[in-house]
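Listed here are the chains, written in short residue letters.
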Amino acid sequence: MPMEMQPVLKIQGLRKNFYGLRALDGVDMELKEKELLGLMGPNGSGKSTLLNCMTGVLSTTGGRVYHRSRDITSWKSSSIYKLGIARTFQLVQLFPEMTVLDNMIGAIQESRGTMFGRLFRFSEEWEKAKAQEILEFLKIAQVRDNLAKNLSYGQQKLVDLGMVLMSDPSVVLLDEPLAGVNPTLGREIIDHILELVRVKCCTVLIIEHNAKIMLDICDRIVVLNEGRKIADGLPEEIKQNPEVLKAYFGA
Amino acid sequence: MFRPFLAKAWKFAVIAIVLLIIPRFLGIYTIYIYSWLLVYLIAAYGLNLILGYAGQISLAQAAFMGIGAYVMAILVTRGVSFWIALPAGALLSFGVGLVLGFPALKVKHHYLAMVTIGFNFIMYKLFENQEAITGGYYGIFDITRPGIGSLRFDSDLAYARVIAMVTLFMIIIMYWILNTRWGRAFKMIRENEVRAEIVGVDVRAYKLIVFAIGSAYAGVAGGLLAPLLGYIEPSLFELMISFDFLLMVLIGGRGRFEGPLIGIAVVILLPEFLRITHQANLLIFSLIAVIVLLLAPEGGASLWDWIFKRVTGRKPPSLTK
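(A) How the structure looks around the overall build of chain B. A tally of helices and strands in chain B yields 15 helices and two strands. What you see for chain B is a C-alpha radius of gyration of 19 Å, in line with the 20 Å of a compact globule of 321 residues. For chain B, the spread of C-alpha atoms along the three principal axes comes to 50 × 50 × 45 Å. Sorting the 321 residues of chain B into buried and exposed places 55% on the buried side. The contacts in chain B between residues at least 6 apart in sequence include a share of 76% that link residues at least 24 apart.

(B) Region of the structure containing the nonpolar core. With 161 residues, the main nonpolar core has Y40(B), F186(B), L224(B) and I232(B) as its most contacted residues. Per element, the largest residue contribution to this core is 17 residues, and it comes from helix 3 (residues 28-53) of chain B. The residues touching F186(B), leaving out its near neighbours within four places in the chain, are L49(B), Y53(B), A54(B), I177(B), L178(B), Y206(B), I209(B) and V210(B). L24(A), L31(A), I80(A) and L224(A) belong to the second-largest nonpolar core, a separate cluster that totals 25 residues.

(C) Spotlight on the interface of chain B and chain A. Tallying the contact residues gives 30 residues for chain B and 34 residues for chain A. Both sides of the chain B and chain A interface together cover about 3,100 Å² of buried area, and 60% of this is carbon and sulfur. Taken as a group, R181(B), R195(B) and I198(B) account for 28% of the area that chain B buries against chain A, more than any other trio of residues on that side. Remark: the boundary between chain B and chain A carries six salt bridges.

(D) Region of interest: the packing of aromatic side chains. In this structure the tally under the stated criterion is 21 aromatic pairs over all chains. Note on Y29(B) and Y32(B): the rings are 6.3 Å apart at their centroids and 40° apart in plane angle, and the pair reads as tilted. On the criterion of helical spacing, the pair formed by Y29(B) and Y32(B) is a turn pair, its members being three residues apart in helix 3. Note on Y29(B): relative accessible area 44%, which makes it partly exposed. Residue classification places Y32(B) among the partly exposed positions, given a relative accessible area of 29%. Aromatic side chains Y137(B) and Y138(B) sit 6.0 Å apart centroid to centroid with 85° between the ring planes, which places their arrangement in the edge-to-face category. Positioned above the aromatic ring of W126(A), the side-chain terminus of R112(A) is 5.3 Å from the ring centre.

(E) How the structure looks around the state of the cysteines. All names here are of chain A. All told, the structure shown has zero disulfides over all chains when counted by the stated rule. With no disulfide of its own, C202 has C201 as its nearest cysteine by sulfur position, at a separation of 7.8 Å. Judged by its relative accessible area of 3%, C202 falls in the buried class.

(F) Examining the sheet that holds strand 5 (residues 70-71) of chain A more closely. All names here are of chain A. Taken in spatial order, the four strands make up an open sheet running 2-1-4-5, and their pairing is antiparallel. Of all the strands in the sheet, just strand 2 (21-32) and strand 5 have a single pairing partner and so form its edges. As paired strands, strand 1 (residues 7-18) and strand 4 (residues 62-67) are joined by five bridges and run antiparallel to one another. Paired with Q12 across the strands is R64, a residue of strand 4. Each of strand 1, strand 2 and strand 4 touches helix 1 (residues 47-54); the most contacted strand, strand 1, lies at about 115° to it.

(G) Up close: a nonpolar patch on the surface. Residues and elements named next belong to chain B. The grouping of W10, V14, V18 and I22 at the surface amounts to a nonpolar patch, some 370 Å² of accessible area in total. Relative to the assigned elements, W10 resides in helix 2 (residues 9-21). Given the relative accessible area of 55%, W10 is considered exposed.

(H) View of the sheet that holds strand 3 (residues 36-40) of chain A. Residues and elements named next belong to chain A. Strand order across the open sheet formed by six strands is 6-7-8-3-9-10, with mixed pairing between neighbours. With one partner strand each, in any of the chains shown, strand 6 (85-87) and strand 10 (228-233) form the two edges of the open sheet. Shown here is a sheet whose adjacent strand axes are inclined to one another by a mean of 15°, direction ignored. Pairing of strand 6 with strand 7 (residues 171-175), which is carried by three bridges, proceeds in the parallel orientation. For R87, the partnering residue across the bridge sits in strand 7 and is L173. Packed onto the sheet, helix 9 (residues 242-249) meets strand 3, strand 9 (220-225) and strand 10 and runs at close to 130° relative to strand 10.

(I) Inspection of helix 15 (residues 300-312) of chain B at higher detail. Residue and element names in this part refer to chain B. Taking 1.5 Å of rise per residue, the 13 residues of helix 15 would be expected to cover 18 Å, and the 18 Å separating its terminal C-alpha atoms lies within 8% of that figure. Burial in helix 15 covers these residues: G300, A301, D305 and F308. Axial view of helix 15: buried residues confined to an arc of 150°, hence all on one face. Away from the buried face of helix 15 by more than 90 degrees, exposed residues W306 and R310 are located. Within two residues after helix 15, G313 carries a phi angle of roughly 80°, on the positive side.

(J) Representation of unusual backbone geometry. Even without glycine at this site, E226(A) takes up a positive phi of about 50°. Within the secondary structure, E226(A) is located in the loop between strand 9 and strand 10. Unlike most non-glycine residues, H109(B) shows phi in positive territory, near 45°. Positionally, H109(B) belongs in helix 6 (residues 109-129). By relative accessible area, H109(B) is classed as exposed at 55%.

Rules used throughout
- Residues numbered from 1 in each chain as written.
- Chains lettered and ligands numbered in written order.
- Predicted model: local features only at pLDDT ≥ 70, side-chain atom pairs only at ≥ 80, totals over all residues.
- Heavy atoms only, no water.
- Helix = DSSP H or I, 4+ residues; strand = E, 2+ residues; numbered from the N terminus.
- Rg over C-alpha atoms; globule rule 2.2 N^0.38 Å.
- Buried < 20%, exposed > 50% of the residue type's maximum accessible area, 1.4 Å probe, protein only.
- Contact = heavy atoms within 4.5 Å.
- Core = buried A, V, L, I, M, F, W, Y, C linked by side-chain atoms within 4.5 Å.
- Buried area = accessible area lost by both parts, 1.4 Å probe.
- Salt bridge = Lys/Arg side-chain N within 4 Å of Asp/Glu carboxyl O.
- Phe/Tyr/Trp six-rings, centres within 6.5 Å; stacked < 30°, edge-to-face > 60°.
- Lys NZ or Arg CZ within 6 Å of the ring centre and 35° of its normal.
- Disulfide = S-S within 2.5 Å.
- Pairing = 2+ DSSP bridges.
- Axes fitted to C-alpha atoms, helices over the stretch in contact; angles between N-to-C directions.
- Patch = residues over 30% accessible without salt bridge, like charges linked within 9 Å, V, L, I, M, F, W, Y side chains within 5 Å.
- Areas by Shrake-Rupley, 256 points an atom, 1.4 Å probe, with all protein chains shown as cover.
- Expected span 1.5 Å × (residues − 1).
- Arc of directions from axis to C-beta.

Okay, here's the thing in structure tokens:
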């Protein structure tokens, strides 16, 4: 009997209004176990808003978000993170006046235990070792003790990715991980993303404008336009979808 | 678990002995200044936690000092022990601080400053108008100093030592808090609230607790201040005093553990030395304050870093995470 795998994240009729503007107008989307889902769409089509609504950064106007079978609509971001859903932002968001190491450890310091218990934890050897390992893997171990604000943009992008890796997430949501980095580093970041999916068995959602890369790496692609989903399918199907072509090229 | 902390115990012991010995060599007036300095230091540490580490703003530190002081005065004049009144005042400040934390969940920066200024003003008016409890404009007199059994700390010297020990205790507690994960969580909130929440920091809970702790520090300061003076009146806790604390934290260096030390040295001690210039003292003080902030916008602590680096060629060790 063929078993339809249960989606890890399920979005049902998600709506978001910014005053008069309808940023999201009833979006349905599923994120299946261990897939690499691409989310595309012209500027202002609601991709980042969708991610923000999914992770509790923005409140939703309507619709529901489910993690497996649990309704997580309007949960706090910190609680969603503790379910194993990690994300990055379109513009790199680090803690600028803190060292890279502190940024990295900060990404997991709240994962376990109670807030009160954290007042009695001094030793962080395990966390330090893990951060070191990930920084070496990303080839940025040499900037470990630098303040995050003193890093180059590319290095900041890598630290951002490193913070995601720190938490051993099961779901990773990446908002334009390739924007503003040079092609070599971009290639590296793609390799890291692919490894996340293939080796660490994460479920990954990636927002990216570069259609060539997206069609190349994604298992499935969802296209948004003006707050609505206009296409959802395999890369080959998306390539020939007339609505997608119209949205992108106006043809 | 406590090992890294206990390793520093001998350093704290040395500081304790120094703090106990210093007043032995001071005169009547300088002992008073010494005590005053330490009391203000506690409240400044509280504000440094709120403003420097967690990046929130509170201009109500004087009001919380008032809460601590009035609790102390009211309880002590009714025969309650100092040792009960002091934590009671701290606890009440903690509770009220927690409540004042709620606006901080909604508003930021200047707006939050306005809210806390309003709170300071309300508290000042309460101290002034609730005559039955607070003695109104004239305040409360005859606040006795503490003792343990038959041992009394009535003399200025003895009470200065009590203050010194309580201050050291409060600073050690602060040092502890900032060296645990709470310290990092506070900084993460200061640096990037959205990102902090995204990596699991319960921003709401931490913001409330930071206001509560910072306010409790002011409460302890107030509790010590009342018996030091022997009387209290509302004008001790007016808004301008809150600005003094703000100046201490800014001049000392926001989010630097040694900041408040430098802050009180400049804001409290310097005007004392400038008394020799008579009328010009405020003018000179303001000028020095402006120059310090121009030279070192990050506060005096960064000036200290610079000197340390010049002399030793190394970066000074960081005191907290």
